[in-house]
Amino acid sequence: MTEMLSNTPDSQSDDGWTVADTRLSSRLLLGTSHYPSLQVLSDAAHASGTQVLTVGLRRLQPESGGGNHFWQRVQSLGCHVLPNTAGCHSADEAFTLAQMAREIFGTRWIKLEVIGDDYTLQPDVMATLDAANRLVKDGFAVFAYTTDDLVMAQRLHGAGCAAVMPWAAPIGTGRGPMNPYALETMRRRLPDAVLVVDAGLGRPSHAAQVMEMGFDAVLLNTAVAQAGDPVRMAGAFSKGVAAGRAAYLATPMPERSAAQASTPVVGMPFWHAP
């Protein structure tokens, strides 16, 4: 069984997290597609401080002539590689692609994506659960991309997924958390699951927002790769993730329905009670 991380805040001296039996210090996972150049990708990865890079097998065949240079650059960054099954539309297709990725990349990690709608890129959650069950039984550490549906997240966690990865909004939209209530509920109801927000974040403030909820990490691609300055944006997201995590550990003040003065008013000569 894959080791899971409790949502209990870590100590200030060691705020790392554990996923798939691997201890990580960075809570920002980064995608590798759509960058202007390999150099920009490398610089952005360094600026982000990430320790995990996702790679789409359908977009990359490291054994082919066109993919060798890209694959060598990714390897040179010294990060954990998280292959994904992007582009799959069935559980069978995702299972086969995951087995290929394990052979090619030499890792049991797999980011499971089974798309149900080509317009929104919304995952087919039933096919995702089917594939997840099969992959876990076959020894994979499954990082399952899903919606913000609580019941499906519970079932994926129960299936033994190393991480459940709900979207904040559809892939590539950059709209940020469209249903904060659902994400907050998921985090509260699954305190022992590794939860990583994947897809839909567009700004560092979005990353800070979900990290303040107690999510373990975020995964980004388009928000960095298609920014005007990807390297600077990668650094900004790193700071946003860190700020959100620090705020979560600090325990934000409760929201109130009425104003409360921070300056004492008792004894002031012109103060009147309401």
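The structure presented is a predicted model; accordingly, all values stated were derived computationally and were not measured. (Residues numbered from 1 in each chain as written. Predicted model: local features only at pLDDT ≥ 70, side-chain atom pairs only at ≥ 80, totals over all residues. Heavy atoms only, no water.)

(A) Expanded view of the layout of surface pockets. Each pocket or cavity is described by its volume, and for the second largest pocket that value is around 190 Å³. Contributing to the lining of the second largest pocket are 13 residues, with Ser-25, Ser-26, Arg-27, Val-241 and Ala-242 lying nearest its centre. No other element matches helix α9 (residues 230-250), which puts six residues into the lining of the second largest pocket. Considering only residue class, the lining of the second largest pocket consists of five nonpolar, five polar and three charged. (1 Å grid on protein atoms, 1.4 Å probe; cavity = no way out; pocket = protein on both sides within 12 Å on 5 of 7 lines; lining within 4 Å. Points joined across faces, edges and corners; volume = space filled by probe spheres on them. Helix = DSSP H or I, 4+ residues; strand = E, 2+ residues; numbered from the N terminus. Nonpolar A, V, L, I, M, F, W, Y, C, P; charged D, E, K, R; others polar.)

(B) Molecular detail of helix α7 (residues 204-212). Every buried residue of α7 is accounted for by Pro-204, His-206, Ala-207, Ala-208, Val-210 and Met-211. Buried residues along α7 sit in contact with α6 (180-189), β9 (196-198), β10 (217-220) and α9. With its phi angle positive at about 105°, Gly-214 sits one or two positions after the end of α7. (Buried < 20%, exposed > 50% of the residue type's maximum accessible area, 1.4 Å probe, protein only. Contact = heavy atoms within 4.5 Å.)

(C) Focus on the packing of aromatic side chains. The full count for this structure, using the stated rule, is two aromatic pairs. Note on Trp-71 and Phe-105: the rings are 4.8 Å apart at their centroids and 70° apart in plane angle, and the pair reads as edge-to-face. Separated by 34 residues along the polypeptide, Trp-71 in helix α2 (residues 65-76) and Phe-105 in helix α3 (residues 91-105) bring together distant segments of the chain. On the basis of relative accessibility, which here comes to 11%, the residue Trp-71 falls in the buried class. The buried category is assigned to Phe-105, whose relative accessible area is 11%. For the ring pair Trp-109 and Phe-143, a centre distance of 5.2 Å and an interplane angle of 45° mean the geometry is tilted. Within this pair, whereas Trp-109 is found in strand β6 (residues 109-112), its partner Phe-143 is found in strand β7 (residues 141-146), the two being separated by 34 residues in sequence. Of the two residues, Trp-109 and Phe-143, neither departs from the other in class, the shared state being buried. Geometry around Tyr-145 places Lys-111 over its ring, the cationic atom sitting 5.5 Å from the centre. (Phe/Tyr/Trp six-rings, centres within 6.5 Å; stacked < 30°, edge-to-face > 60°. Lys NZ or Arg CZ within 6 Å of the ring centre and 35° of its normal.)

(D) Representation of the pairing of strand β5 (residues 80-84) within the structure. For β5, a buried count of four out of five residues is recorded, marking the element as mostly surrounded by other parts of the structure. Pairing of strand β4 (residues 52-56) with β5, which is carried by five bridges, proceeds in the parallel orientation. Its bridge partner lying in β5, Thr-54 is registered against Leu-82. (Pairing = 2+ DSSP bridges.)

(E) Region of the structure containing the nonpolar core. Among the nonpolar cores identified, the biggest contains 63 residues, and Val-142 and Val-218 are the most heavily contacted of them. Looking at this core, the element that brings in the most residues is α3, giving seven residues. Dropping the residues within four chain positions of it, Val-142 is found in contact with Ile-110, Leu-112, Ala-132, Leu-135, Val-136, Cys-161, Ala-162 and Ala-163. Core analysis: the next-biggest nonpolar cluster, separate from the first, contains 17 residues, Leu-24, Ala-141, Val-194 and Leu-219 among them. (Core = buried A, V, L, I, M, F, W, Y, C linked by side-chain atoms within 4.5 Å.)

(F) Molecular detail of α9. The end-to-end C-alpha distance of α9, which contains 21 residues, comes to 30 Å, matching closely the 30 Å that a straight helix rising 1.5 Å per residue would cover. Here α9 has its buried residues at Pro-230, Ala-234, Gly-235, Phe-237, Gly-240, Val-241, Gly-244, Arg-245, Tyr-248 and Leu-249. On its buried side, α9 packs onto β3 (28-31), α1 (38-48), α7, β10 and α8 (222-225). Following α9 by one or two positions, Thr-251 has its phi on the positive side, about 65°. (Expected span 1.5 Å × (residues − 1).)

(G) Representation of the confidence of the model for the protein in the model. Of the residues in the protein, 87% reach a pLDDT of 70 or more, and the chain-wide mean stands at 88. The secondary structure element of the protein with the lowest average pLDDT is α2, at 77, and the one with the highest is strand β8 (residues 163-166), at 98. Note that residues 1-13 has pLDDT below 50 and, in this model, 38 contacts with residues that lie over four places away or in other chains. Note on residues 62-66: pLDDT under 50 across the span, and six contacts to partners over four residues away in sequence or across chains. (pLDDT = per-residue confidence, 0-100.)

(H) Quick peek at the packing of helix α4 (residues 125-137) against helix α5 (residues 150-158). Where α4 contacts α5, the two axes come as close as 10 Å, and the packing angle between them is 10°. Considered as vectors, α4 and α5 are oriented roughly parallel to each other. Facing Val-125, Met-126, Thr-128, Leu-129 and Ala-132 of α4, the residues of α5 in contact are Met-152, Arg-155 and Leu-156. (Axes fitted to C-alpha atoms, helices over the stretch in contact; angles between N-to-C directions. Parallel < 35°, antiparallel > 145°, perpendicular 65-115°, else oblique.)

(I) Structural detail: the pattern of salt bridges. With the rule as written, the count across this model stands at eight salt bridges. A salt bridge links Lys-111 to Glu-113; the nearest nitrogen and oxygen atoms lie 2.4 Å apart. Just as Lys-111 is buried, Glu-113 falls in that class too. Among the salt bridges present, the one from Asp-216 reaches Arg-187, with a minimum N-O distance of 3.0 Å. Of this pair, Asp-216 sits in the loop between α7 and β10 while Arg-187 is found in helix α6, placing the two residues 29 residues apart along the sequence. Neither residue differs from the other here; Asp-216 and Arg-187 are each classed as buried. (Salt bridge = Lys/Arg side-chain N within 4 Å of Asp/Glu carboxyl O.)

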